[in-house]
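A closer look at the structure
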Amino acid sequence: MRLSSFLAMQVKNPPAYRPTFSWIRRVLFILLIGISLSLPPHRIQTRVCGPFQGGLTPSQEAIGGSASGGESLQEEPASTISVPAPPELPALLTLSPRAGFGLAEKADPLLWARRLGAGWYLDWAARSQPDLLAPEHWQMVRITPTCLLPNVQAIRQLASRYPGLVWVIGNEPDVIWQDNLTPEVYAQHYHELYYLIKGLDPRASIATAGVSQATPLRLAYLDRVLAAYQRMYGSPMPVDWWTVHGFILREERNSWGVDIPPGFQENQGVLYEIADHARLDLFREHIIAFRQWMAENGYRQKPLALTEFGVLMPSEYGFPPELVADFLEQTFNWLDTARDPQTGYPTDEDHLVQRWAWFSLSDPLYLGSNLADLDQDILTQTGMRFREFVLGRLPSQPALLEP
């Protein structure tokens, strides 16, 4: 309830125990009400968001105790672990415009981009841009039913000062512990932010929020987004970039995985099991389905970015470092070559995906996919596979600055 509504109720129906106001107090009280009523209403409270996390992976108890034959999953105390650091790799002289990474922990993006050969990254935030042209940072506005991060004033300042950037509007609005928006509410916020940013920077590229995975349930969520936008604004939703996430997670209410999108009454979608999590065939199926959906809805002429994918399951659940590194190489190989003359992006020789970002450089919650060990200041086995692929396969552009 807004303060003005509360105060108005108190004036109309004062409690029996309240003493009679003097005329001066009455005037001051009415002035206070008038000031409150004059303040513009805010659909989104501009306060700090978070935390954005939830039960993507099943607990040990949920899969019947320990996942490794009854042994404890507790890690060995750090003080007893001794891992010699390998020699430092020289920084790459070129960066790939296609391959990128998510930056979940505080680290120097230029340093790690040069070590990996990655030409772009995102960190789920909008921030002041350093005087660099590479690696490219994608801005993101986080939205929930009760917050906007950054706030409108900060968005105005950033869009005015740093023209020509990509702005992603939201992150996994289909996931209840991420942005948690119904399709209709997301369409409204997308419209407002699209025209706010474009009005300040016509060169900006506006990208949709990535849904967690391109299953039928998540595509139905996007169907409702497009329908709501058309109904509210009388035109198709304007999009410069589509984004999607490439995870393979269970869709079941009150279970591990990504649950059910807000605003949907279903209790289950695709009931993936833990063993499905790093299946290349399912990964490919999702991306192909998303490009097909784009073409069917009139967006074939738009580029697609895969802004999150990787292996969230821990090693103890059957996903050791070797498997994760193999999955990275297999997905990179497919993304680099996957084309379709009916659904691919014509400007990019019908490639299905124009950019992809591995999740993530380093994340304290989902350690299995980490590209780097920040404490040791080295690339992991998966990070080395990323680097080797970029060096051997992807077209590169000159790096502009030394780390």
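The structure reproduced in this document is the subject of the present report. In this text the structure is predicted, and so the values were computed from the model without any measurement.

1. Some remarks on the pairing of strand β8 (residues 304-308)
- In terms of residue burial, β8 counts as a mostly covered element, since 5 of its 5 residues are buried.
- Where strand β7 (residues 242-245) and β8 come together, 4 bridges link them in parallel fashion. By the bridge assignment for β8, Val 244 is matched with Leu 306.
- In this view, the connection linking β7 to its parallel neighbour β8 by way of helix α7 (residues 280-296) has right-handed handedness.
- In this sheet, strand β9 (residues 355-358) lies alongside β8 in parallel orientation, the contact comprising 2 bridges. In the sheet register, Ala 305 faces β9, and the bridge partner there is Arg 355.
- A crossover links β8 with its parallel partner β9, the connecting element being helix α8 (residues 321-337), and its sense is right-handed.

2. Observations regarding the packing of helix α5 (residues 183-200) against helix α6 (residues 216-233)
- One can describe the packing of α5 onto α6 by two numbers: an axis separation of 8 Å at closest approach and a directional angle of 60°. Considering the angle they form, α5 stands oblique to α6. For the pair α5 and α6, the crossing hand works out as right-handed. Contact residues: α5 offers Pro 183, Glu 184, Tyr 186, Ala 187, Gln 188, Tyr 190, His 191 and Tyr 195, while α6 offers Tyr 221, Arg 224, Val 225, Ala 228, Tyr 229, Arg 231, Met 232 and Tyr 233.
- Tallied by class, residues from the contact of α5 with α6 come to 11 nonpolar, 2 polar and 3 charged.

3. Re the nonpolar core
- In terms of nonpolar packing, the biggest core is built from 103 residues, with Phe 101, Trp 167, Trp 242, Phe 283 and Phe 386 touching the most fellow members.
- In terms of residue count, the dominant contributor to this core is α6 (8 residues).
- Not counting residues within four places of it along the chain, the set of residues in contact with Phe 101 comprises Pro 109, Trp 112, Ala 113, Leu 116, Ala 118, Trp 120, Tyr 121, Leu 122, Ala 357, Trp 358, Leu 361 and Leu 371.

Thresholds applied
Here the residue index of a chain counts from 1 through its sequence in written order. Predicted model: local features are reported for residues with pLDDT of at least 70 only, side-chain atom pairs are reported and counted for 80 or more only, and whole-chain, interface and lining totals are derived from all residues. Excluding hydrogens and water, the side-chain values take into account all heavy atoms of the structure. We call a residue buried when its accessible area falls under 20% of the maximum for its residue type, exposed when it is over 50%, and partly exposed in between, using a 1.4 Å probe and counting protein chains only. Counting from the N terminus, the helices are the DSSP runs of H or I reaching at least four residues and the strands are the DSSP runs of E reaching at least two. Any two strands with at least two DSSP-identified bridges between them are counted as paired. Convention used here: a crossover is right-handed provided that the path from the first strand, over the helix, to the second strand proceeds clockwise when the strands point away from the viewer. In this analysis, axes come from line fits to C-alpha atoms, helices being fitted only over the stretch in contact, and the angle between any two N-to-C directions falls in the range 0 to 180 degrees. Convention used here: angles under 35 degrees read as roughly parallel, angles over 145 as roughly antiparallel, angles from 65 to 115 as roughly perpendicular, and any remaining angle as oblique. By definition, any crossing whose near helix is turned counterclockwise from its far helix by less than a right angle is left-handed, and any crossing with a clockwise turn is right-handed. Whether two residues are in contact is decided by their heavy atoms, any of which lying within 4.5 Å being enough. The classification used treats Ala, Val, Leu, Ile, Met, Phe, Trp, Tyr, Cys and Pro as nonpolar, Asp, Glu, Lys and Arg as charged, and all other residues, Gly among them, as polar. Joining through side-chain atoms within 4.5 Å is the link that ties buried Ala, Val, Leu, Ile, Met, Phe, Trp, Tyr and Cys residues into a set, and such a set is a nonpolar core.

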